[in-house]
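For reference, the chains in residue letters:
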Amino acid sequence: MTMTPDFLHPAFGFILLALILPFLRGRDWWRWLLPVPAVAAILSVVRMEPGTYGILHYLDQPLVLGRVDRLSVIFANVFAIQALIGTLYAFHVREKAHHIASLLYVAGSFGCTFAGDYITLFIFWELMSVSSTFLIWLRRNPLSTRAGFRYFMFHTVGGLFLLAGLLLRYHAAGDFLFNPVDPASAHLYDWLIMIGFCVNAAVVPLHAWLPDAYPEATIPGAVFLCAFTTKTAVYVLARGFAGFEVLAIAGTAMAVYGVLYACIENDARRILSYHIVSQVGYMVAGIGIGTAMTVNGAVAHAYAHILYKGLLFMGAGCLLYAAGSSKLTELGGLVGRLPWVMILYMVGAVSISGMPFFNGFISKNMTIHGAVEAHRILLAIGLEIAAVGTFLSVGIKLPYFAFWSKPTNKMELKPIPLNMYLAMGIAAALCFAQGLYPHMLYSLLPYPVEFHPYAHWAVLQAFLLLSFTGLGFYFIRRIIVPHPARNLDFDVLYRAVGNALVVLICKPLSLVDDRWTEVYRTAGLRGLLRFAAGSSWFDKKGIDTVVDGSAYTVRNVGGLSARLQTGRLQDYLAWALLAALCLFAIFWWT
Amino acid sequence: METKGFGHWLDTTREEQKGLWKVLFFVLLAGLVGVNLFLRPHHAEYGYDTIPGFWAAFGLLVSVLMVLVMKKIVQPLIERPEDRDDDDS
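The present account deals with the structure reproduced in this document. The structure presented is a predicted model; accordingly, all values stated were derived computationally and were not measured. (Residues numbered from 1 in each chain as written. Chains lettered and ligands numbered in written order. Predicted model: local features only at pLDDT ≥ 70, side-chain atom pairs only at ≥ 80, totals over all residues. Heavy atoms only, no water.)

Some points on the overall build of chain B
From N to C terminus, chain B includes 3 helices and 1 strand. Starting at the N terminus, the α and β elements of chain B follow one another as α-α-α-β. Against the globule reference of 12 Å for 89 residues, chain B gives a C-alpha radius of gyration of 21 Å, more extended than a compact globule. Considering only C-alpha atoms, chain B reaches an extent of 60 × 45 × 20 Å along its principal axes. The buried share of chain B, taken over its 89 residues, is 31%. Put simply, chain B shows about 5700 Å² of open surface, and 68% of that area lies on carbon and sulfur atoms. Looking at chain B, you have 9 positive and 13 negative side-chain charges, and the mean spots of the two groups are 8 Å apart. (Helix = DSSP H or I, 4+ residues; strand = E, 2+ residues; numbered from the N terminus. Rg over C-alpha atoms; globule rule 2.2 N^0.38 Å. Buried < 20%, exposed > 50% of the residue type's maximum accessible area, 1.4 Å probe, protein only. Areas by Shrake-Rupley, 256 points an atom, 1.4 Å probe, with all protein chains shown as cover. Lys, Arg positive; Asp, Glu negative; His and termini not counted. Charge placed at Lys NZ, Arg CZ, Asp CG, Glu CD.)

Dropping the structure here:
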């Protein structure tokens, strides 16, 4: 079952709270329950012993809900910590729907992390996809509604790749076990599964959903989104597809691609979104190279990344909350009025840039050093180029144009709730502590660590690279000035494909429909009329007396389902999710 | 709007001590390259990285080129009005 003395599934508390939250009365006392599942998850994860727990049988197949080993535990560890930080950051939100969405989203992520088979993985994968969509829609403006639809459509397509792969795999192999795939003997179904994973990991060119949707999410919603979807995908790639050469190349391409776009973007949260693509690139590249050091580096970087990227999104969220905009052209001159937001943001910024004494330094360099050791010099150079671009955009451009440039800003600022500062403070403290004590992170890694981050030369190299990037910024500071614009990305291609499909399907269908209407009008209608006359006679004589009673029942049921059918995809999704959860709960606990 | 405390210090130092910060920054750059003359990697990992100042030049060139190419060449080709997320309406 899901609970044994050694194993309490961390998703359990999140799902339970999400199910009871709608029934709790009162204005806001229930908010104090929100951190409980996250704290329970942290306690559960640190106490976990390796093993296999929670085995169910379905269609003669074992479903494994709790595969516990070093790889799953380290991801669950940081997911639990980030769930607590995100919950604190969202604590002032009084909208229950928002908390339910984030609880289910985090639960989905834990479910995927401990899944030992593809069926369990797929169920939680889709739970994440649906619940995260609500974190975008709940921003409640036309841009976020459209972005949420595109996000959901794209993830549905990604999920279908995964589903197709796991079904074909079942047909061939006869089971659903989720185990490492040997790159030398990968089948078509393995590739389909990997494409499904790559959609969520935002691997270029399947990435455009991320910088499209995340900047339109709610303020705390984006903090959750930036941590869980891509890193769950990194986890499953590390679990299943280490050593795939295509990932090594695609990852490096992502790392460079993301920073190139970030240096021309205007919206702070879109800049950070492109840097998710870039940073996840380091992880995907490390997984693709596939040595013990680079896989360690990828996992360490995922851990560090969740903390500092959450911190950066919280900082940008504070700007959006206080000033009402996260566009650099509308900000500036805020350093005197939001000094602590800037300081906390800068901790995240120097962490992501790999400055010594912060956690990005001890994780990023592990992957780069591993690439050099594996004689992948070109890949390592790509990753160094991305490191320069990261400090340029996140470390200098964004804070310079948001806080530093322009005279002191006179705009009205909404006061930032204390809980937002508290969440950022915890994240910043963790980024710094891990940088000072790498052992905090290294002791959790899946393979033994033979890497010393604080060699003298490595520290000097990092400072040289970063400070001369600063000099570069000084020279081009009048060219890099952001201006209001939206830059085309691969989403244009997705839309072209989508539109082509619509035309391809709709044209023949409407043709058939036209012809059918004509046939029906000439031949069908006359026949129907004759049939109706006959049955009307039978109806009057025989049936009326019997059926009247049931007609009322039918009408009442019809009325109820008409009320449920609001015609809005959001509502259908919410109902479908609720139904699926109930079914799953019944199945899980019986 | 009056700022106070730490924020006020940051706000005034960026205006009034601009020159001082600039000098400190250039001293830092020179110092780092100076240290690089003596402290170098034990063996070349990328071919030329035992030359002092290699990573300084790398950071400077990559950042300047990246911005020039993206802002001056690429962005004019791909930019659209902000707050428009659809092409076909």
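Structural notes on the overall build of chain A
Looking only at helices and strands, one finds 20 helices and 5 strands in chain A. Expected size for 590 residues packed as a compact globule is a radius of gyration near 25 Å; at 26 Å, chain A falls within 12% of this value. C-alpha extents for chain A along the principal axes are approximately 100 × 60 × 50 Å. Across the 590 residues in chain A, those meeting the buried criterion constitute 59%. Long-range pairs, those at least 24 residues apart, make up 83% of the contacts in chain A between residues at least 6 apart in sequence. Accessible surface, chain A as shown: approximately 23600 Å² in total, 70% of it carbon and sulfur. Of the charged side chains in chain A, 40 are positive and 30 negative; the average position of the first set lies 11 Å away from that of the second. (Contact = heavy atoms within 4.5 Å.)

Thoughts on the packing of aromatic side chains
How two aromatic rings sit relative to each other is given by the distance of their centres and the angle of their planes. Residue and element names in this part refer to chain A. On inspection of all chains with the given rule, the structure shows 40 aromatic pairs over all chains. Between F79 and F228, the aromatic rings sit 5.2 Å apart at their centres with planes inclined by 40°, giving tilted as the arrangement. A residue pair is termed long-range when its members are at least 10 positions apart, and F79 in helix α3 (residues 70-89) and F228 in helix α9 (residues 219-240) qualify at 149 residues. Judged by relative accessible area, which is 0%, F79 ranks as buried. What makes F228 buried here is its relative accessible area of 0%. (Phe/Tyr/Trp six-rings, centres within 6.5 Å; stacked < 30°, edge-to-face > 60°.)

Looking at the pairing of strand β4 (residues 61-68) of chain A
A regular strand places its side chains on the two faces of the sheet in alternate fashion. All names here are of chain A. Of all 8 residues making up β4, 7 are buried, and the element is well covered by its neighbours. Here strand β3 (residues 51-58) pairs with β4 via 7 bridges, running antiparallel. Counterpart to L56 in the pairing with β4 is L63. Here β3 folds back onto β4 in antiparallel fashion, the turn holding 2 residues, of which L59 has a positive phi close to 50°. (Pairing = 2+ DSSP bridges.)

Describing the environment of I287 of chain A
Residues and elements named next belong to chain A. With respect to the helices and strands, I287 occurs in helix α11 (residues 268-289). Under the relative-accessibility criterion, I287 is labelled buried at 0%. Every residue in contact with I287, bar those within four places of it in the chain, is listed here: V234, L237, A238, F241, A242, G243, L247, V295 and A298.

Focus: the side chain of H99 of chain A
Residues and elements named next belong to chain A. Along the chain, H99 falls in helix α4 (residues 96-114). A distance of 2.8 Å separates a polar side-chain atom of H99 from the backbone oxygen of V93. Those residues within four positions of H99 in sequence are excluded, and the remaining contacts are L21, W30, L34, A90 and V93. (Polar contact = N/O pair within 3.5 Å; in protein donor to acceptor, adjacent residues only side chain to side chain.)

Considerations on the packing of α11 of chain A against helix α12 (residues 292-323) of chain A
Helix-helix packing is characterised by the crossing angle of the two axes and by the distance between the axes. All names here are of chain A. In the contact formed by α11 and α12, the axes pass within 9 Å of each other and the chain directions differ by 175°. In terms of their interaxial angle, α11 and α12 are classed as roughly antiparallel. Counted together, A268, R269, L272, S273, H275, I276, Q279, Y282, M283, G286, I287 and I289 of α11 and T294, V295, A298, H301, A302, H305, Y308, K309, L312, F313, A316 and L320 of α12 form the full contact between these two elements. Of the residues assigned to the contact of α11 with α12, the class counts are 15 nonpolar, 7 polar and 2 charged. (Axes fitted to C-alpha atoms, helices over the stretch in contact; angles between N-to-C directions. Parallel < 35°, antiparallel > 145°, perpendicular 65-115°, else oblique. Nonpolar A, V, L, I, M, F, W, Y, C, P; charged D, E, K, R; others polar.)

Digging into the environment of F228 of chain A
Spatially, the C-alpha atom of F228 of chain A lies 14 Å from that of F14 of chain A, the residues being 214 residues apart in sequence. Excluding residues that lie within four positions of it along the chain, F228 of chain A makes contacts with F79, Q82, A83, Y105, V106, S109 and M128 of chain A.

Some remarks on the pattern of salt bridges
All names here are of chain A. Counted under the stated rule, the structure contains 11 salt bridges over all chains. Between D491 and R495 there is a salt bridge, with its nearest N and O atoms 3.4 Å apart. Of this pair, D491 and R495 both sit in helix α19 (residues 491-564), 4 residues apart, which is roughly one turn of the helix. Neither residue differs from the other here; D491 and R495 are each classed as buried. Taken together, the salt bridges that share partners define one network made up of D28, R31 and R94. (Salt bridge = Lys/Arg side-chain N within 4 Å of Asp/Glu carboxyl O.)

Let's talk about a nonpolar patch on the surface
On the surface, a cluster of nonpolar side chains totalling about 650 Å² of accessible area is made up of W340 of chain A together with F6, W9, L20, W21 and L24 of chain B. If you list the elements that add at least two residues to the nonpolar patch, you get α1 (5-16) and α2 (18-38) of chain B. Among the elements that line the nonpolar patch, the one with the most residues is α2 of chain B, at 3 residues. By the secondary structure assignment, L24 of chain B is in helix α2. Classification of L24 of chain B as partly exposed rests on a relative accessible area of 44%. (Patch = residues over 30% accessible without salt bridge, like charges linked within 9 Å, V, L, I, M, F, W, Y side chains within 5 Å.)

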